[in-house]
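Analysis of the macromolecular model
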Amino acid sequence: MTDVLKVDPAHPDTELIARAAECLRAGGLVAFPTETVYGLGAHALDRSAVLRLFAAKERPANDPLIVHVATLEAAAPLVEEIPPTARALAARFWPGPLTLVLKRSARVPGEVTAGLATVAIRVPSHPVARALLEQARIPVAAPSANLFSRPSPTRAAHVIADLDGRIDLIVDGGATDVGLESTVVDLSEDVPTILRPGAIDLDALRHVEPGVVSRRAGASQPAAFASPGMLPKHYSPRTPVVLYEGTRETALARLHSDAQQRVGRGESVVVLSYTEDVSGLRHLGVRIVEVGAEGNPAAVAARLYDALRECDELGASTILVRNITASHPLSGAIQDRLRRSAALIQDP
Ligand code: TXA
Ligand code: MG
């Protein structure tokens, strides 16, 4: 049985949080909201709790977890050292949607890091996550609270859809704010490298650390191996996604003609659409799921995974979507997640 505790996201009830914290301390699995997506927490130093977490998510053991702590100081025992770059980035962006990969200490179980010599650390800013970490007083390993390869959950209902009966507790703090997973930056090598784009973009990071680089798409295998969660299998709905790239005009024109052909062949098509595109799609005989205004990328990010799940539930044969073109700190992360969801169909 999975219990659901509803809490006020801004001022969570101390007694309810204490119950969730006690469950974590005792080796239980607790889903909770962070500012990015819902996480599925387990005591990071309790091997059997961590193994149960992998089993509940059906997550492969070679995909390492992010360890969540309340403060930078609480991370110290988990890492070999806190380098100056980590201190600088933490001072600017923690608590917040940034994950730092550092050389790990012997205290972190190999199950958490998938045997890597590094550990990913994050201090979340969501009041529920903070209260939980402060009360639990343990490091909490927490991947996104979805079944492996499903879109990350941004509401408690998504967690229930994927994990009901598989975990002990869900702390329901409403919809998450950012809607996409944290930016992951590897600080374990000489050059600080973004492994996963998120709300804190390259420009913001470079304001603090000018040397940060993006891992280029198609970069060498070792980088891909260093962050196995970045395989294209992630963030995918079950329905195949076809993604249209390029300017608004060219992408929309190709989407329209493709939709027309597919509908003509009797396919059931759903278009994941920006608000600005909706009226032009109405005559095509497709179903439309709105993801928000292209001119408001923060709203698109917040709604993206919810909208992908909604598309999936329509049981269509294909999801068509145009990639976002707006210039905004979140655009890179949105483009990345849309490319990943579309890549599933090329995955054997
Ligand atoms: O926003 C988030 O980061 C959410 C919330 C719950 O905090 N968590 C999350 O966890 O997205 P997960 O497990 O879905 O994604 C973790 C990512 C994966 O891409 C994983 O490969 C990478 O972090 N990662 C974890 N440990 C790593 C390590 N030691 N080296 C490189 N990448 C690592
Ligand atoms: Mg995930």
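Residues numbered from 1 in each chain as written. Chains lettered and ligands numbered in written order. Predicted model: local features only at pLDDT ≥ 70, side-chain atom pairs only at ≥ 80, totals over all residues. Heavy atoms only, no water.

Let us look at helix α10 (residues 248-264). With 17 residues, α10 extends 24 Å between its outermost C-alpha atoms, agreeing within 8% with the 24 Å of an ideal straight helix rising 1.5 Å per residue. Taken together, the buried positions of α10 are occupied by A251, L252, L255, H256, D258, A259 and R262. In this fold, the buried residues of α10 make contact with β12 (241-244), β13 (269-274), α11 (278-281) and β15 (318-322). With its phi angle positive at about 90°, G266 sits one or two positions after the end of α10. (Helix = DSSP H or I, 4+ residues; strand = E, 2+ residues; numbered from the N terminus. Expected span 1.5 Å × (residues − 1). Buried < 20%, exposed > 50% of the residue type's maximum accessible area, 1.4 Å probe, protein only. Contact = heavy atoms within 4.5 Å.)

So, on to the sheet that holds β15. Spatially, the 4 strands line up as an open sheet ordered β12-β15-β13-β14, and their pairing is parallel. Here the strands that pair on one side only, and so sit at the sheet edges, are β12 and β14 (287-292). Averaged over all neighbouring strand pairs, the angle between strand axes comes to 20°, with direction disregarded. Note that β12 and β15 share 4 bridges and pair parallel. Residue pairing across strands places L243 opposite V321, the latter belonging to β15. (Pairing = 2+ DSSP bridges. Axes fitted to C-alpha atoms, helices over the stretch in contact; angles between N-to-C directions.)

Per the stated rule, a full pass over the model turns up 23 salt bridges. Residue D277 pairs with R248 through a salt bridge whose shortest N-O separation is 2.6 Å. Note that D277 is positioned in the loop between β13 and α11 and R248 in helix α10, a separation of 29 residues in sequence. Overall, D277 belongs to the buried group, its relative accessible area being 5%. One connected set of salt bridges, linked through shared partners, spans R150, D162, R309 and D312. (Salt bridge = Lys/Arg side-chain N within 4 Å of Asp/Glu carboxyl O.)

Residues A86, L89, A90 and F93 constitute the buried set of helix α4 (residues 84-93). Looking straight down α4, one finds that the buried residues subtend no more than 100° of arc, so they occupy a single side. Exposed residues on α4 whose side chains face more than 90 degrees from its buried face are P84, A91 and R92. If you follow the buried residues of α4, they end up packed against α3 (72-75), β5 (98-103) and α8 (202-208). (Arc of directions from axis to C-beta.)

Looking now at the packing of helix α12 (residues 297-313) against helix α13 (residues 331-343). Packing of α12 against α13 brings their axes to within 9 Å, and their N-to-C directions diverge by 20°. For the element pair α12 / α13, the angle class is roughly parallel. Crossing of α12 against α13: the hand is left-handed. Residues P297, V300, A301, L304, Y305 and L308 of α12 touch α13, and the partners they reach there are S331, I334, R337, L338 and S341. Considering only residue class, the contact of α12 with α13 consists of 8 nonpolar, 2 polar and 1 charged. (Parallel < 35°, antiparallel > 145°, perpendicular 65-115°, else oblique. Left-handed = near helix turned anticlockwise from the far one by under 90°. Nonpolar A, V, L, I, M, F, W, Y, C, P; charged D, E, K, R; others polar.)

Looking now at the confidence of the model for the protein chain. Chain-level pLDDT for the protein chain is 93 on average; 93% of the residues reach the 70-or-more range. Across the protein chain, the element-wise mean pLDDT spans from 38 in helix α9 (residues 221-226) up to 99 in strand β2 (residues 30-33). Contacts for the low-pLDDT stretch residues 218-232, under 50 throughout, to residues beyond four places or in other chains number 22 contacts. Note that residues 344-348 has pLDDT below 50 and, in this model, 6 contacts with residues that lie over four places away or in other chains. (pLDDT = per-residue confidence, 0-100.)

Quick look at the side chain of D172 now. Within the secondary structure, D172 is located in strand β8 (residues 169-172). With a relative accessible area of 13%, D172 lands in the buried category. Setting aside residues no more than four positions away along its own chain, D172 makes contact with V4, L5, K6, V7, Y38 and A156.

This paragraph deals with unusual backbone geometry. The linkage connecting W94 with the following residue, P95, adopts the cis geometry, with an omega of -5°. With respect to the helices and strands, the residue P95 is situated in the loop between α4 and β5. Its identity as a non-glycine residue notwithstanding, E58 has a phi of 55°, on the positive side. As for its position among the elements, E58 is in the loop between α2 (47-57) and β4 (66-68). Among the residues examined, E58 registers a relative accessible area of 48% and is labelled partly exposed. With a phi close to 80°, S149 is a non-glycine residue in the positive phi region. Along the chain, S149 turns up in the loop between β7 (140-141) and α7 (156-163). By relative accessible area, which is 25% here, S149 ends up partly exposed.

Turning to the nonpolar core, a few remarks are in order. Ranked by internal contacts, the top residues of the largest apolar core, which has 46 residues, are L98, I121, I167 and L205. Those elements that provide at least two residues to this core are β3 (38-43), α2, α3, α4, β5, β6 (118-122) and α7. With 5 residues, α2 is the single largest residue contributor to this core. For I121, the contacting residues outside a window of four places in its chain are I66, V67, V69, A75, L78, V79, W94, L98, T99 and L100. In terms of nonpolar packing, the next biggest core, distinct from the first, is built from 26 residues, V241, Y274, Y305 and L338 among them. (Core = buried A, V, L, I, M, F, W, Y, C linked by side-chain atoms within 4.5 Å.)

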